[in-house]
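Observations on chain architecture
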Amino acid sequence: MAKCLMPLPGADPRIAPSLHYEQRAINRMDSLQNHTAIPNPTVFPLDILSGFHYTFLIRNPRQSIPSLYQCSIPPKSHITGWNGFKATDAGYAELRILFDYLVQVQIIGPGTGNDICIVDADDLLADPEGIVEEYCCSVGIPYDPRSLHWGAEKDQQRARDIFQNWIPFHDAALKSTSLNPQPPVSQFIANASYHTITN
């Protein structure tokens, strides 16, 4: 989440002490000097930020906020330790701040060699194969349709172990074995409303 790249709420933006430059980083900064006038809103130095291919995975707040809320109250909060819902935990503002900064310092966008890569969760669920194939093209790796299927028990157990405290956030993914096309959530909502009215 972009929020994890930002200073804690109320703190001024500054590079994390553990990420202060070494000489090799200073040498790399020579090519980025023209962007130092733009304030860096993150805790990462610009040379580190410039070393990634960014993907902005977005989800409609009508789905993400209720999901986050449910994980922030009992009984799920007993597992996550995430007690008390705060709208700022969603990270939408930080995502936009990071996006704008990366465009301003020309890490992503036209003329940079790095596409602006935005994946809408609804599009991914509606057409997993098409979106994953486009994504692979964007990041420069070969597309393999087998990447849409998983489920070896040892891998499933490893995922459960890693996400043990965060299972309420990822329970559907942890129980899945493939990424198959699904109708948009708005269609479910429309169907639910229709049945409510007619029954």
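In what follows, the accompanying structure is described. Predicted model, so just to flag it, every value in this text is computed and none were measured.

One pass over the full model with this rule turns up 7 aromatic pairs. When the centroid spacing of 5.8 Å and the interplanar angle of 70° are considered together, the rings of Trp82 and Phe169 count as edge-to-face. One end of the pair, Trp82, is in the loop between helix 4 (76–80) and helix 5 (92–104); the other, Phe169, is in helix 9 (residues 167–175), with 87 residues separating them in the sequence. The exposure class assigned to Phe169 is partly exposed, which follows from its relative accessible area of 27%.

Looking at where Ile116 falls in the secondary structure, it is placed in the loop between helix 5 and strand 2 (117–120). In the structure, Ile116 is positioned 62 residues away from Tyr54 in sequence and 7.6 Å away in space, judged by C-alpha atoms. Those residues in contact with Ile116 that lie beyond four places of it in its chain are Phe99, Val103, Ile108 and Gly109.

The next subject is unusual backbone geometry. Put simply, Pro74 and Pro75 share a cis peptide bond, and its omega is 5°. By the element assignment, Pro75 lies in the loop between helix 3 (61–71) and helix 4. Notably, Gln106 is not glycine yet its phi reads approximately 60°, a positive angle. Take Gln106: it is sitting in the loop between helix 5 and strand 2.

Tracing the backbone shows Trp150 in the loop between helix 7 (128–139) and helix 8 (153–162). For Trp150, a relative accessible area of 37% puts it in the partly exposed group. Separated by 26 residues in the primary sequence, Trp150 and Ser176 place their C-alpha atoms 8.2 Å from one another.

The next subject is the pairing of strand 2. Residues of strand 2 alternate between two faces, with Cys117 and Val119 buried on one and Ile118 and Asp120 left unburied on the opposite face. Pairing between strand 1 (residues 55–58) and strand 2: 4 bridges, direction parallel. Each residue of the ladder has a partner; that of Phe56, found in strand 2, is Ile118.

What follows covers the pattern of salt bridges. According to the stated counting rule, one finds 4 salt bridges in the structure shown. Among the ionic pairs, Asp89 bridges to Lys3, the shortest N-O distance being 3.8 Å. Within this pair, whereas Asp89 is found in the loop between helix 4 and helix 5, its partner Lys3 is found in the segment before helix 1 (23–29), the two being separated by 86 residues in sequence. A salt bridge links Arg160 to Glu153; its shortest N-O distance comes to 2.7 Å.

This part covers helix 3. Every buried residue belonging to helix 3 is among Gln63, Ser64, Leu68 and Cys71, and all of these are buried. Buried residues along helix 3 cover an arc of 120° about the axis, so they all sit on one side. The N-cap of helix 3, judged by a side-chain oxygen 2.8 Å from the amide nitrogen of Arg62 a few residues on, is Asn60.

What counts and what doesn't
- Residues numbered from 1 in each chain as written.
- Predicted model: local features only at pLDDT ≥ 70, side-chain atom pairs only at ≥ 80, totals over all residues.
- Heavy atoms only, no water.
- Phe/Tyr/Trp six-rings, centres within 6.5 Å; stacked < 30°, edge-to-face > 60°.
- Helix = DSSP H or I, 4+ residues; strand = E, 2+ residues; numbered from the N terminus.
- Buried < 20%, exposed > 50% of the residue type's maximum accessible area, 1.4 Å probe, protein only.
- Contact = heavy atoms within 4.5 Å.
- Pairing = 2+ DSSP bridges.
- Salt bridge = Lys/Arg side-chain N within 4 Å of Asp/Glu carboxyl O.
- Arc of directions from axis to C-beta.
- Polar contact = N/O pair within 3.5 Å; in protein donor to acceptor, adjacent residues only side chain to side chain.

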